[in-house]
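Chains, contacts and geometry: an overview
Chain by chain, the residues:
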Amino acid sequence: MNAVADTPVTVSVGLEGRAYDILIGANLIEKAGEEIARRIPGVRAAIITDDNVASLHLKRLEDSLSAAGVESTAIKVPAGEQSKSFEVLQTTVDGILAARLERRDVVIALGGGVVGDLSGFAAGIVRRGMEFVQIPTSLLAQVDSSVGGKTGINTRHGKNLLGVFHQPKLVLADTAVLDTLSEREFRAGYAETVKYGLIDRPAFFEWLEVNWRNVFAGGQARKHAIAEACKAKAEVVARDERESGDRALLNLGHTFGHALEAATGYDGSRLVHGEGVAIGMALAHRFSARMNLASPDDAARVEAHLREVGLPTKLSDVPGELPGAEQLLNFITQDKKVSRGALTFILTRGIGQSFIAKDVPSSEVLSFLEISLPR
Ligand SMILES: NC(=O)c1ccc[n+]([C@@H]2O[C@H](COP(=O)([O-])OP(=O)(O)OC[C@H]3O[C@@H](n4cnc5c(N)ncnc54)[C@H](O)[C@@H]3O)[C@@H](O)[C@H]2O)c1
Ligand SMILES: [Zn+2]
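Treat the numbers as computed from the prediction; the structure is a model and nothing was measured. (Residues numbered from 1 in each chain as written. Chains lettered and ligands numbered in written order. Predicted model: local features only at pLDDT ≥ 70, side-chain atom pairs only at ≥ 80, totals over all residues. Heavy atoms only, no water.)

Here we look at the nonpolar core
Stated precisely, the cut-off is as follows: Joining through side-chain atoms within 4.5 Å is the link that ties buried Ala, Val, Leu, Ile, Met, Phe, Trp, Tyr and Cys residues into a set, and such a set is a nonpolar core. The classification of residues rests on relative accessible area computed with a 1.4 Å probe and restricted to protein chains. Under 20% of the type maximum is buried, over 50% is exposed, and intermediate values are partly exposed.
Residues Ile 36, Leu 61, Ile 108, Ile 135 and Tyr 190 are the most contacted members of the largest nonpolar core, which totals 72 residues. One finds Leu 283, Leu 329, Leu 369 and Leu 373 within the second-largest nonpolar core, a separate group that totals 27 residues.

Here you go:
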């Protein structure tokens, strides 16, 4: 049965010559064929998706495309981060070429951030760059990874080290597909949503404090939260597409977060990315208070909200053993360029007042980690 699509919210990403729309609304998958055919007449499509998402949502997308006269081939990859690899990139690229798609045909990513990053990369390199459409199906992908054009895979040297900037032609965020996402994955994406409030939208943070239950439940509040997040990300991307300045603010919570992901061996059963970011954001606020940059009340308020929705906020919330402070600091410095013992961090002067701090002494970070670790 076809559900009725509600009126979507449109957020535009204002990149000169490559501007595109993000449409946000329930059951948008039903309108995907029509929206794509209108923007790229006569197009054919390769849908890249993972096994989980394929069994839940692929059929509706295929039906919508064929109703709009868009011929499509589906390429399924295994679910999980391991699919951001050379091997899976090869299968994906082979599938697109075997379907005899041309440069003006479209690669459609139907899935979470893994599928989005992998398919965007494939779209960016097959025939030197094909059309690309994102249909993100995880909350993280809807508020973060599907917007902004970063694509890529992992190598044995580290995460996301191989890729291209390749902007999509259209992003369709169907807020109803999130109903099938696990609560844990939803919460992880919620952490990235809160992040935009903490960076520079204090009113959005306040709104989330009041309305988060409705965001989890679905409906208009969820649509509003995703639209606000996309607007925030779109603004940053339009200002600084290639991260030469401001875009770094989007890394709030990520320096600590990445170190924790590395320290837990990227084992999703212990910590998923958004959980690392939640702990990282709480730590960034506490650290800012300790450096007398912000009031400890703001740090407490951020922590209270994250805890209320069920996100972790402390190093002791990570299940299993964590390495000591020195070792955690090593993970942090591996993640970034270190100049004379100084680190770049996203710190804050209070809720919604984040800034790029370029010369944070690593000795301060070390002593902060020491007091933050469980004894
Ligand atoms: N390109 C960027 O700017 C950017 C930004 C942030 C993160 N990322 C990347 O995004 C990836 C993480 O994305 P993610 O958290 O979406 O992970 P993911 O793609 O692995 O999805 C998480 C899990 O949810 C499942 N899933 C997705 N949608 C579902 C749905 N509607 N119903 C049921 N299950 C569903 C997936 O199959 C998977 O098992 C990482 O690789 C990260 O590097 C990229
Ligand atoms: Zn993130």
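Considerations on the site of ligand 1
As a reminder, the rule being used: Nearness is defined per residue: one heavy atom within 4 Å of the molecule or strand is enough. Surface exposure here means Shrake-Rupley accessible area, sampled with a 1.4 Å probe, where a residue is shielded only by the protein chains that are shown. Secondary structure elements are defined from DSSP: runs of H or I of at least 4 residues count as helices, runs of E of at least 2 residues count as strands, and each element is numbered from the N terminus. Residue polarity follows a fixed list, in which Ala, Val, Leu, Ile, Met, Phe, Trp, Tyr, Cys and Pro are nonpolar, Asp, Glu, Lys and Arg are charged, and the others, Gly among them, are polar.
The environment of ligand 1 is formed by 25 residues, the closest being Asp 50, Glu 81, Thr 137, Ser 138 and Thr 180. About the coverage of ligand 1: the protein hides 86% of its 860 Å² of free accessible area. Considering each element in turn, the shell around ligand 1 owes the most residues, four residues, to helix H2 (residues 51-67). Its residues assigned to classes, the shell around ligand 1 comprises seven nonpolar, nine polar and nine charged.

Here's the deal with the packing of aromatic side chains
Which entries qualify depends on this criterion: To pair, rings of Phe, Tyr and Trp, with the six-membered ring standing in for Trp, must have centres within 6.5 Å; the planes then decide the type, stacked if under 30 degrees apart, edge-to-face if over 60, and tilted in the middle.
Here the structure, examined in full by the defined rule, presents nine aromatic pairs. Between Phe 287 and Phe 345, the aromatic rings sit 6.0 Å apart at their centres with planes inclined by 50°, giving tilted as the arrangement. Pair noted here: Phe 287 is in helix H10 (residues 273-290) and Phe 345 is in strand S10 (residues 342-348), with a separation of 58 residues, a long-range link. Residue classification places Phe 345 among the buried residues on the basis of a relative accessible area of 1%. Ring centres of Phe 287 and Phe 368 lie 5.0 Å apart, and the angle between their planes is 45°; this geometry places the pair in the tilted category. With Phe 287 in helix H10 and Phe 368 in helix H13 (residues 362-372), the pair connects residues that are 81 residues apart, well separated along the chain.

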